Amino acid sequence: MNKIDIRSLSYFELEKELTDRKLPKFRTAQIYDWLHSKGVMSFEEMTNLSKDLRTKLESEFEIKTCKVLRKLVSQIDETVKYLFEFSDKSTVESVVMKYKYGYSICISTQVGCKMGCTFCASAIGGFQRNLTPSEMLCEVLTAQRDLNIKISHIVLMGTGEPLDNYDNVLKFLKLVTDEKGQNLSMRHISLSTCGLVERIYELADENLQLTLSVSLHAPNDEIRQRTMPVAKKYSIDEILKACKYYTDKTSRRISFEYAMINGVNDSEENAKELCRRLKGILCHINLIPVNEIKERDYRKSDADSLKRFISVCEDKGFAVTVRRTLGSDINASCGQLRQSVRT
Ligand code: SAH
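In this text the structure is predicted, and so the values were computed from the model without any measurement.

(A) Examining the packing of aromatic side chains more closely. Per the counting criterion, the structure on display carries six aromatic pairs. Measuring from ring centre to ring centre gives 5.0 Å for Tyr11 and Tyr32, while their planes differ by 70°; the resulting arrangement is edge-to-face. Here Tyr11, found in helix α1 (residues 11-20), pairs with Tyr32, found in helix α2 (residues 25-38); they are 21 residues apart in sequence, far enough to count as distant. Residues Tyr11 and Tyr32 agree in their burial class; the two are buried. Aromatic side chains Tyr201 and Tyr245 sit 5.1 Å apart centroid to centroid with 50° between the ring planes, which places their arrangement in the tilted category. One end of the pair, Tyr201, is in helix α6 (residues 197-206); the other, Tyr245, is in helix α8 (residues 236-250), with 44 residues separating them in the sequence. Cation over ring: Lys38 sits above Trp34, and NZ or CZ is 4.6 Å from the ring centre. The side chain of Lys114 reaches across the aromatic face of Phe127, ending 4.7 Å from its centre.

(B) Broad picture of the pairing of strand β6 (residues 102-106). Summarising burial for β6: four of the five residues are buried, a large majority. Direction of pairing for strand β5 (residues 91-99) relative to β6: antiparallel, over a ladder of five bridges. When the sheet's bridge partners are listed, Val95 is paired in β6 with Cys106. Sheet analysis places β6 next to strand β9 (residues 151-156), joined by four bridges and oriented parallel. Of the residues in β9, the one forming a bridge with Ser104 is His153.

(C) Inspection of the site of the ligand at higher detail. Taken together, 16 residues surround the ligand, and among them Phe119, Ser192, Ser215, His217 and Asn291 come closest. One of the backbone nitrogen or oxygen atoms of Phe119 is found 2.8 Å away from a nitrogen atom of the ligand. If the ligand stood free it would expose 530 Å²; the protein chains cover 90% of that surface. Residues that form the shell around the ligand fall into these classes: seven nonpolar, seven polar and two charged.

(D) Structural context of the side chain of His36. Inspection of the secondary structure assignment puts His36 in helix α2. Leave out the neighbours within four places in its chain, and His36 touches Arg7, Leu9, Leu137, Leu175, Gly181 and Gln182.

(E) Region of the structure containing the sheet that holds strand β4 (residues 80-85). Pairing in this open sheet of ten strands is mixed, and the strands run β3-β4-β5-β6-β9-β10-β11-β12-β13-β14 from one edge to the other. One side of each edge strand has no neighbouring strand; the edge strands of this open sheet are β3 (67-73) and β14 (320-322). Strand-to-strand twist of the sheet, defined as the mean angle between neighbouring strand axes without regard to direction, takes the value 25°. Note that β9 and strand β10 (residues 189-193) share three bridges and pair parallel. By the bridge assignment for β10, Leu156 is matched with Leu191. Contacts between helix α4 (residues 133-147) and the sheet are confined to β3, β4, β5, β6 and β9, with β4 contributing the most and set at about 125° to the helix.

(F) Representation of the side chain of Thr193 within the structure. For Thr193, the location among the structural elements is in strand β10. On the basis of relative accessible area, Thr193 is assigned to the buried category, the value being 1%. Looking at Thr193, its side chain comes within polar contact range of the main-chain nitrogen of Gly195, at 2.9 Å.

(G) Quick look at the packing of helix α5 (residues 166-177) against α6. It is at 12 Å that the axes of α5 and α6 come closest, and there the two elements cross at 25°. By the angle class used here, α5 and α6 are roughly parallel. For the pair α5 and α6, the crossing hand works out as right-handed. Contacts from Tyr166, Leu170 and Lys174 of α5 reach α6 at Arg199, Glu202, Leu203 and Glu206. Its residues placed into classes, the contact of α5 with α6 shows three nonpolar, no polar and four charged.

(H) Representation of the environment of Glu238. Tracing the backbone through its elements, the reader meets Glu238 in helix α8. Separated by 31 residues in the primary sequence, Glu238 and Asn207 have C-alpha atoms spaced 20 Å apart. A polar contact of 2.8 Å, which involves the side chain of Glu238, links it to the backbone nitrogen of Ser235.

(I) Expanded view of α5. Taking 1.5 Å of rise per residue, twelve residues should cover 16 Å, and α5 covers 17 Å from first to last C-alpha, within 8% of that figure. Among the residues of α5, Tyr166, Val169, Leu170, Phe172, Leu173, Leu175, Val176 and Thr177 are the ones counted as buried. Among the structural elements, α2, α4, β9, β10 and α6 are those in contact with the buried residues of α5.

(J) Examining the pattern of salt bridges more closely. This structure, assessed with the given rule, holds 27 salt bridges. Between Lys98 and Glu78 there is a salt bridge, with its nearest N and O atoms 3.8 Å apart. Of this pair, Lys98 sits in strand β5 while Glu78 sits in the loop between β3 and β4, and the two are 20 residues apart along the sequence. Residue class for Lys98 comes out partly exposed when judged on its relative accessible area of 37%. Its salt-bridge partner being Asp164, residue Lys114 comes within 3.1 Å of it at the nearest N-O pair. Highlighted residues: Lys114 in the loop between β7 (110-112) and β8 (127-130) and Asp164 in the loop between β9 and α5, separated in sequence by 50 residues. Since its relative accessible area comes to 47%, Lys114 is described here as partly exposed. The partly exposed category is assigned to Asp164, whose relative accessible area is 23%.

Reading the values: rules and limits
- Here, residues in each chain are numbered from 1, in the same order as that chain's written sequence.
- Local features in a predicted model are, by the rule used here, given only for residues with pLDDT of at least 70; side-chain atom pairs are given and counted only at 80 or more, and totals for whole chains, interfaces and linings are based on all residues.
- The side-chain numbers reported here are obtained from all heavy atoms of the structure, hydrogens and water having been left aside.
- Note on aromatic pairs: the rings of Phe, Tyr and Trp (six-membered ring only in Trp) are paired at centre separations within 6.5 Å, and the planes decide the class, stacked below 30 degrees, edge-to-face beyond 60, tilted for the rest.
- Secondary structure elements are taken from DSSP: a helix is a run of H or I of four residues or more, a strand is a run of E of two residues or more, and numbering for both begins at the N terminus.
- The buried label applies to any residue whose accessible area, calculated with a 1.4 Å probe on protein chains only, is under 20% of its type's maximum; exposed applies above 50%, and partly exposed to all values in between.
- Note on criteria: charge over ring means Lys NZ or Arg CZ within 6 Å of the ring centre, with the direction from the centre no more than 35 degrees off the ring normal.
- Being paired, for any two strands, means DSSP has found at least two bridges between them.
- For this purpose, a residue is taken to be near a molecule or strand whenever a single non-hydrogen atom of the residue falls within 4 Å of it.
- The definition of a polar contact used here is a pair of N or O atoms within 3.5 Å, where within protein one atom must be able to donate a hydrogen and the other to accept one, and adjacent residues in sequence count solely through side-chain atom pairs.
- Per-residue accessibility takes into account occlusion by the displayed protein chains alone, with areas from the Shrake-Rupley method and a 1.4 Å probe.
- Gly falls in the polar group here, along with every residue not listed as nonpolar (Ala, Val, Leu, Ile, Met, Phe, Trp, Tyr, Cys, Pro) or charged (Asp, Glu, Lys, Arg).
- Contact between two residues is taken to exist if any of their heavy atoms lie within 4.5 Å; hydrogens are not considered.
- Only the stretch in contact is used when fitting a helix axis, every axis being a line fitted to C-alpha atoms; angles between N-to-C directions are given from 0 to 180 degrees.
- An angle below 35 degrees is read as roughly parallel, one above 145 as roughly antiparallel, one from 65 to 115 as roughly perpendicular, and any other as oblique.
- Crossing handedness is defined as follows: a turn of the near helix away from the far one that is anticlockwise and smaller than a right angle gives a left-handed crossing, while the clockwise case is right-handed.
- The span expected for a helix works out to 1.5 Å for each residue beyond the first.
- Salt bridge, as applied in this entry: a Lys or Arg side-chain nitrogen positioned within 4 Å of an Asp or Glu carboxyl oxygen.

Following this line, the structure appears as structure tokens:
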């Protein structure tokens, strides 16, 4: 018999499962608290339940866990990178970063990825499967437990395309922000997408205070199509229209991610075109010097090109940031540790 993935259930779903089994309502509150607030990894740990009840739960429900297969700690800035292994032996990466405002975790949403962006290490092994809501929670809870910290911010920027695993990701977001659980603020969560247009509209209609990051990486479709296969399906115009809808609905500022690749998308002309396209959208531009991965021969933009690009965008009135490199001594960019273990 397939056991029920108990940490993926909402409070009401859990209540239904438990009342179907003739358990009193207060049990739901207790069990939900163990799973989502305390973040236990076994029924064993639910010490206010009788042994009999724990055994009964164990026989019908499963608490999904993940094992720390590798853990790398940066000597420079305390960034911690994990390679987690789930029960089916599939592996994902998560990275914990320390900021002035607290701890942030970058989590994976799928095992592998279908999107095939040519600069991205996650695309190399192809797609294996979606993560369940409980497995995404597991990344957060396991890191938190291992480091004995409370994580306050989450970015869905690890391996996978979150909007390609829409239902599970949405459920994860609701569970992790539940005040009866981890109680994170939706405003402290960012979801990064390569731009699946229909899903951006759907997400906007959820009207969450979630920050949306859109991986644009190019000022026009021609350049975008060179590095991102998804650009053949959705034009930049369509994506920006969806983004405008998102900001109108939520009043949240969108972050456009732009990986600066030497000689591909980093000229002054590219910057001007980008600004023309983004004009009028509530947004900010986040430049990422492309992370050079050994499987590809892309090179980072040089410091001068980066500077020129920034000044064009600022002159046009855009807020621009350059992503800080954390954990550079442990290859903290997502996808690379998993690859190094596979090969
Ligand atoms: N699928 C989602 C989220 C995962 S990738 C997305 O496309 O947004 C998280 C971010 O890292 C994306 O902006 C992605 O384009 C970027 N990225 C991937 N590989 C990179 C690399 N080698 N250098 C810089 N940024 C990279």
